[in-house]
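Here's the letter readout for the chains.
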Amino acid sequence: MTAQFPVARPRRLRRTAAMRRMVAGTRLHPSELVLPVFVKEGIDEPSPVTSMPGVLQHTRDSLLKAANEAAQAGVGGLILFGVPEVKDARGSAADDPEGIVQRAVADLVAEVGDALVVMTDTCLDEFTDHGHCGVLTPDGEVDNDVTLERYAAAAVAQARAGSQVIAPSGMMDGQVAAIRAALDADGFEQIPILAYSVKYASAFYGPFREAAECAPQFGDRNAYQQDGAGPVGEALREVRLDLEEGADAVMVKPALAYLDILRQVRDLVDVPVAAYQVSGEYSMIEAAAANGWIDRDRAIMESLVAIRRAGADMILTYWATEVARKLG
Ligand code: PBG
């Protein structure tokens, strides 16, 4: 009897590194990576974030060093989060012209504003004493429409300080329209909005809440962020609404647990789509690697390639500078 040989041999195109590189369908480029950075008011030395090995809460000075390193590596942008010294119920520091985000964004734009895009996260959770993303009603719910006024004021303060992209992340209904109107009325019609359109209530934000010191003091964010088990159509609707309200680009967050959603959003829209590889995605790989359980560099690249392949045009990742250097 003659042996049965395979007719098709997909392995032919996998045999050598050169062959694999030639046929690769997914490529990463430094310019599509965005580095999230944290700046803390009133500290003299940068402070390590225990739950995110390698990530720092920066001083205004050390922030500029990190920004220069990112720019030199060819990273596409930075997104700034601030930790104020004083918090209150309405998150007053969010729109204070002297607030830490406003000061730090002005520094950043002066230092690297021509080399990369300097963006600001627009939300209240870092600034409120209760840690929720908005202003509360007397019975402790987040008041959507009152919060919109606070977001609008924060966005304008950020734009006045020089922010080049406003990225609202609070998941209030109508937040993009409110911010767009306020920016336009203040002469910032050229400043784009990158909307966190699809943002799930996720356990993978855990380490971020240490970095940004914004864990809710009671309850959770389930009444405003999306439910992972919720209808897929809800995610697509959030995207459509944000585009109708004037978003210039949209985001899906977290990334790895929501790649199916990312793909559907990519197929739905014709604006750039960002994905946020969030703190928990970072810390899982760092922790497993520190234990010797996983090949750190390969796991990082594999996860980023997956996010890119699922449809992200831009990826927010705490590894942006390191990966950009590696990509050369
Ligand atoms: C809200 C915000 C959060 C993150 C980005 N913007 C936290 C939250 O919604 O609880 C999480 C990012 C991460 O986990 O890396 N301002």
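Remember, it's a predicted structure, so these values are computed and weren't measured experimentally.

Focus on unusual backbone geometry
- Backbone torsion omega between K253 and P254 reads -10°, so that peptide bond is classified as cis.
- Structurally, the position occupied by P254 is in the loop between strand 8 (249-253) and helix 8 (259-268).
- In this structure, M171 is a non-glycine residue whose phi angle is positive, near 60°.
- In this fold, M171 is placed in the loop between strand 6 (165-168) and helix 5 (175-185).
- Notably, E213 is not glycine yet its phi reads approximately 50°, a positive angle.
- Along the polypeptide, E213 turns up in the loop between helix 6 (206-211) and helix 7 (232-244).
- Overall, E213 belongs to the partly exposed group, with 18 C-beta atoms counted inside 10 Å.

Concerning the site of the ligand
- With respect to spatial proximity, the complete set of residues near the ligand consists of D121, C123, D125, S169, Y205, F208, R221, V278 and S279.
- Among the residues forming the shell around the ligand, the class breakdown is four nonpolar, two polar and three charged.

Observations concerning the UniProt feature "binding site: 5-aminolevulinate 2" (unreviewed entry) in the chain
- The positions that UniProt labels "binding site: 5-aminolevulinate 2" (unreviewed entry) are, in the present scheme, S279 and Y318. In summary, the annotated positions, though distributed over 40 residues, converge in three dimensions, the widest C-alpha pair being only 7.6 Å.
- You can see S279 is positioned in helix 9 (residues 279-290).
- With 25 C-beta atoms packed within 10 Å, S279 lands in the buried category.
- Sequence-distant contacts of S279, that is, excluding residues within four places in its chain, are made with M52, F204, Y205, G206, P207, F208 and A211.
- On the secondary structure map, Y318 appears in the loop between strand 10 (314-316) and helix 11 (320-327).
- Setting aside residues up to four positions removed in sequence, Y318 forms contacts with P36, M52, V55 and Y282.

Parameters and conventions
Residues numbered from 1 in each chain as written. Predicted model: local features only at pLDDT ≥ 70, side-chain atom pairs only at ≥ 80, totals over all residues. Helix = DSSP H or I, 4+ residues; strand = E, 2+ residues; numbered from the N terminus. Buried ≥ 20, exposed ≤ 12 C-beta atoms within 10 Å, placed from the backbone. Near = placed C-beta within 6 Å. Nonpolar A, V, L, I, M, F, W, Y, C, P; charged D, E, K, R; others polar. UniProt positions renumbered as here; feature names shortened; annotations may be inferred. Contact = placed C-beta atoms within 7 Å.

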